[in-house]
Amino acid sequence: MRLLTALLPRAPSRVQPPTCGDVLVAWRDAALWNDRDGSELQAIAETILLRSTPPDIRLRHANGQEVVYARQVTARRPVVGRIQGYRRLAHGMRLLSGAVGGNASASVAAGAVNITVTAPSCRRGRGSGALVPISATPEQQLGLIARHGVSLSAFNGLRMGMGGSQVGLSSPSVLRESRKRLAGLPSKGVFVTASGAHLMSIKAAVHEKLDALSASNSFVERLLRDEHLQPVSQTVAHEVPPADDPGSGAAAPPANVMDVHLTLGLDKGGDPSSVNIVMGVINQRRPQKIDNTILGAVCLANKDRYDEVAEMLSEHLEQVGQLVREGVVFGGVRRAVRRFFSGDYEALCTVHGHKGPSATMPCLNCLSTRAPSSAHADLDTLYGTLQDVDRPTPSHPRSASHLVRMVAAGAPGASPGQQISDLSQAGHRSIDRPPLFTIDPRQIVPIPLHVLLGTTLRPLRLAVEIVISCRGSNDGQTFANELAETLRRVVRVRPASYLGGVFIGRDCHTIAQGATPFAAPSLV
Ligand SMILES: [Zn+2]
């Protein structure tokens, strides 16, 4: 089409344009002259051979009508976020690789490839300039293969290309053997029950993780802080309680006892939907990375119901209890295990046998009631309500001992009057089933992403509420519309159609970075 367009003379539309065949015949008959048709021939050659970017593309239809597609340049924002920055860099690299040799040059420039000038066919060159044999064990190489999603055959192809066994890379048969050995370790063993697939030994997996942290010298101390936010140094080793001591079950040793922080969380999602138990040792840099976590169980379910979660956790609770009781030996010293529980709020409530966010006492950390009401006036007076936003900290926190009492009240042998169904609101405190965990409520931690999603939306809503209360509903309506337009056009984010209409995590960061536009709407 471009060829035809280039050949089109600027003539009245009635003139029949020559066909490609006409041009070819003319060319073969030497009817095209360099001095007369040189510029057109150049244009044809450029159209065919070069990737040009003409300012506009013209298309002439059979009826003589000419359509012009003009290039429109959209100004790019000078400052962009991290992800957009990566996208632009990748786009630039792709453009660069269009040039001859550009791909290799770009890789070298980005540090992805090292150039080693060797002469494999030259005997004198071997050993001196050739690749240094790799010292990684087959297991370590297997870890790299798994981490980067390379197949064994692709890995072997690279190995053969780089010099075969001389470079120290393991052969596929050696790698398969080491894979078998790894799969046989207790920390990697998996068993399957009606509830799902479970890790054979969570205890062994935690010990293996700690050994790895010790071997790589990357164990990070996590000290608790006192009331003045100063870190409390850990000086005392953990002592295993006597066998007849039931222990507190709170998994919250004193701040001066040396400890290891162990997280346990429930996460649901995926397709097909599953509920997963995820564990992690926080005493390392970037514990949130998926490679640094331990997958404890995967159970096919689309909701974290109490009975299903109880069945899932029952496979592991004993081992987790042992870990908390006995602690772990790290660096020759026995350390206590401080357990944290994480998950979305629904999962947290399920695990603690709590009625949920619409209960009279909806908070898992304190006993404040949801809102003042005549039915619970006594409780409101005692514990306050969540509407008392002036209080900096909850004055009536929940305690692990109450969770322990609720476990006893839910046990089959609980005496009448002590069972959960017999307790008043002040007694059960919105917990209507035996908790599956009895940790210190201060160690129940929400997922940071969920905090981000909640706290991003809340100030925006508060801003609208302030305008309504100060200037009335009409101004509030106008301001809300302006705010939505600013978010859409300037900040370029929009609420997700799922997750209850909150902004997704990436957009939350974009809103925080582009907060200056919010000073502009009619707040002043
Ligand atoms: Zn609270």
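If you're wondering where the values come from, they're calculated on a predicted model, not measured in any experiment.

Novice: Tell me about the environment of Pro-54, and name the residues and values.
Specialist: Relative to the helices and strands, Pro-54 is located in the loop between helix 3 (34–49) and strand 1 (56–60). By C-beta crowding, Pro-54 is classed as partly exposed, having 13 other C-beta atoms within 10 Å.

Novice: With reference to specific residues and values, describe the pairing of strand 5 (residues 259–269).
Specialist: Taken together, the eight bridges between strand 5 and strand 9 (residues 333–343) define a ladder with parallel strand orientation. Bridge pairing in strand 9 links Leu-264 to Phe-341. As defined by bridge partners, strand 5 adjoins strand 6 (residues 274–281) across eight bridges and the pair is classed as antiparallel. From the neighbouring strand, Thr-263 faces strand 6, where its bridge partner is Gly-280. Between strand 5 and strand 6, which pair antiparallel one after the other, the connecting turn spans four residues, and Gly-270 there sits at a positive phi close to 85°.

Novice: If you had to explain the confidence of the model for the chain to someone new, which residues and values would you point to?
Specialist: A residue-level look at the chain finds 86% of positions with pLDDT of 70 or above and a mean pLDDT of 82. Across residues 1–9, confidence stays below pLDDT 50; counting only partners more than four residues off in sequence or on other chains, it has 17 contacts. Within the model, pLDDT remains below 50 along residues 115–128, and this stretch shows nine contacts once partners closer than five positions in the same chain are excluded.

Novice: Residues and numbers for the environment of Ala-204, please.
Specialist: As for its position among the elements, Ala-204 is in helix 9 (residues 202–215). Residue Ala-204 is classed as partly exposed on the basis of its C-beta count, with 16 C-beta atoms lying within 10 Å. Placed 18 residues apart in sequence, Ala-204 and Pro-186 show a C-alpha to C-alpha distance of 6.4 Å. Apart from the residues within four sequence positions on either side, Ala-204 is in contact with Pro-186 and Ser-187.

Novice: An account of the pairing of strand 9 is needed here, citing residue identities and associated values.
Specialist: Taken across its eleven residues, strand 9 has eight buried, putting it largely inside the fold. Summarising the sheet, strand 8 (residues 328–330) and strand 9 pair through three bridges and their orientation is antiparallel. Across the sheet, Phe-330 pairs through a bridge with Val-333, a residue of strand 9.

Novice: Any details on the packing of helix 6 (residues 138–147) against helix 8 (residues 172–183)? Residues and values, ideally.
Specialist: Running from N to C, helix 6 and helix 8 point in directions that differ by 90°, and their axes come no closer than 9 Å. Taken as axis vectors, helix 6 and helix 8 run roughly perpendicular relative to one another. Across the interface between the two elements, Pro-138, Glu-139, Gln-141 and Leu-142 of helix 6 pack against Val-174, Leu-175, Ser-178, Arg-179 and Leu-182 of helix 8. Here the residues of the contact of helix 6 with helix 8 are counted per class, giving five nonpolar, two polar and two charged.

Novice: Kindly report on the environment of His-352, identifying the contributing residues and their values.
Specialist: Structurally, the position occupied by His-352 is in the loop between helix 12 (345–351) and helix 13 (377–383). With 23 C-beta atoms counted inside 10 Å, the residue His-352 sits in the buried group. Residues in contact with His-352, not counting those within four places in the same chain, are Leu-364, Leu-403, Ile-431, Pro-435 and Phe-437.

Novice: Describe the nonpolar core, listing the residues and the values that go with them.
Specialist: Val-206, Leu-262, Val-337, Val-351 and Ile-439 are the most contacted members of the largest nonpolar core, which has 41 residues in total. The element contributing the most residues to this core is helix 14 (residues 400–410), with five residues. Mapping this core onto the domain boundaries places at least three of its residues in each of domain 3 (187–354) and domain 4 (367–430). Once you skip the residues sitting within four places of it in the chain, Val-206 turns out to touch Leu-262, Val-281, Leu-323 and Val-328.

Novice: Mind laying out unusual backbone geometry, listing which residues take part and the relevant values?
Specialist: Positive phi outside glycine occurs at Asn-217, with the angle close to 55°. Among the structural elements, Asn-217 can be located in the loop between helix 9 and strand 5. Overall, Asn-217 belongs to the exposed group, with 6 C-beta atoms counted inside 10 Å. Backbone geometry places Ser-430, a non-glycine residue, at a positive phi of 65°. Of note, Ser-430 is situated in the loop between helix 15 (425–428) and strand 10 (444–446).

Novice: Describe the packing of helix 16 (residues 448–471) against helix 17 (residues 473–490), naming the residues involved and giving the relevant values.
Specialist: Between helix 16 and helix 17, the shortest axis-to-axis distance is 7 Å and the interhelical angle comes to 155°. Between helix 16 and helix 17, the crossing angle belongs to the class labelled roughly antiparallel. Crossing geometry of helix 16 relative to helix 17 is assigned as right-handed. Across from Leu-460, Ala-463, Val-464, Val-467, Ile-468 and Arg-471 in helix 16, the residues of helix 17 making contact are Ser-473, Asp-475, Gly-476, Phe-479, Ala-480 and Leu-483.

Here is what the cut-offs are and how they apply
Residues numbered from 1 in each chain as written. Predicted model: local features only at pLDDT ≥ 70, side-chain atom pairs only at ≥ 80, totals over all residues. Helix = DSSP H or I, 4+ residues; strand = E, 2+ residues; numbered from the N terminus. Buried ≥ 20, exposed ≤ 12 C-beta atoms within 10 Å, placed from the backbone. Pairing = 2+ DSSP bridges. pLDDT = per-residue confidence, 0-100. Contact = placed C-beta atoms within 7 Å. Axes fitted to C-alpha atoms, helices over the stretch in contact; angles between N-to-C directions. Parallel < 35°, antiparallel > 145°, perpendicular 65-115°, else oblique. Nonpolar A, V, L, I, M, F, W, Y, C, P; charged D, E, K, R; others polar. Core = buried A, V, L, I, M, F, W, Y, C linked by C-beta atoms within 7 Å. Domains from an automatic or database assignment. Left-handed = near helix turned anticlockwise from the far one by under 90°.

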